[in-house]
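Overview (structure and organization)
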Amino acid sequence: MRQASRERFNRMSRRNHNPGHTPVRTCLGCGLGDAQAAMVRLAAVGGAVSIDAERRRGGRGGYLHPRPDCLERFARSKTRAFRSLRVALDVQARRSITQMLSARLDSNGPLE
């Protein structure tokens, strides 16, 4: 790497690094922003939406609080297409996602 390029790279990396930064995401149920670590990720891959508890799956992602009220709001939402997922979900698909999430939350506590 040339000296000028290396100096520019070092300046850019220092500018973008903030050790106190916490990623904030918006809940698809309640619409409130919260820390990414406090939410469950939904991933839309190939038109199908599934739970991504490890937050490693590729594709578009949306986030939900793992609380019954947020899950119910997501299931009852009048919105058909969620912008973050870029996928249209009918009521039945949303209900099945919330049932899967509820079952996982009931069986083993928090999704980690």
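1. With respect to unusual backbone geometry
Of note in the backbone geometry, Arg 55 takes a positive phi value of approximately 60° without being a glycine. Phi angles above zero are rare outside glycine, and Arg 86 is one such case at about 55°. Tracing the chain through its elements places Arg 86 in the loop between strand E6 (81-82) and strand E7 (87-88). Residue classification places Arg 86 among the exposed residues on the basis of a relative accessible area of 65%.

2. Here's the deal with the pattern of salt bridges
Applying the stated rule across the entire model yields four salt bridges. When the shortest N-O distance is used, the salt bridge between Asp 52 and Arg 41 registers 2.6 Å. One end of the pair, Asp 52, is in strand E4 (residues 48-52); the other, Arg 41, is in strand E3 (residues 40-45), with eleven residues separating them in the sequence. Assessed through its relative accessible area of 9%, Arg 41 is described here as buried. Among the salt bridges present, the one from Glu 72 reaches Arg 76, with a minimum N-O distance of 3.4 Å. Of the two residues, Glu 72 and Arg 76 both sit in helix H2 (residues 68-76), four residues apart, roughly one turn of that helix.

Parameters at a glance
- Residues numbered from 1 in each chain as written.
- Predicted model: local features only at pLDDT ≥ 70, side-chain atom pairs only at ≥ 80, totals over all residues.
- Heavy atoms only, no water.
- Helix = DSSP H or I, 4+ residues; strand = E, 2+ residues; numbered from the N terminus.
- Buried < 20%, exposed > 50% of the residue type's maximum accessible area, 1.4 Å probe, protein only.
- Salt bridge = Lys/Arg side-chain N within 4 Å of Asp/Glu carboxyl O.

By themselves, these figures tell us nothing about what the structure is for.
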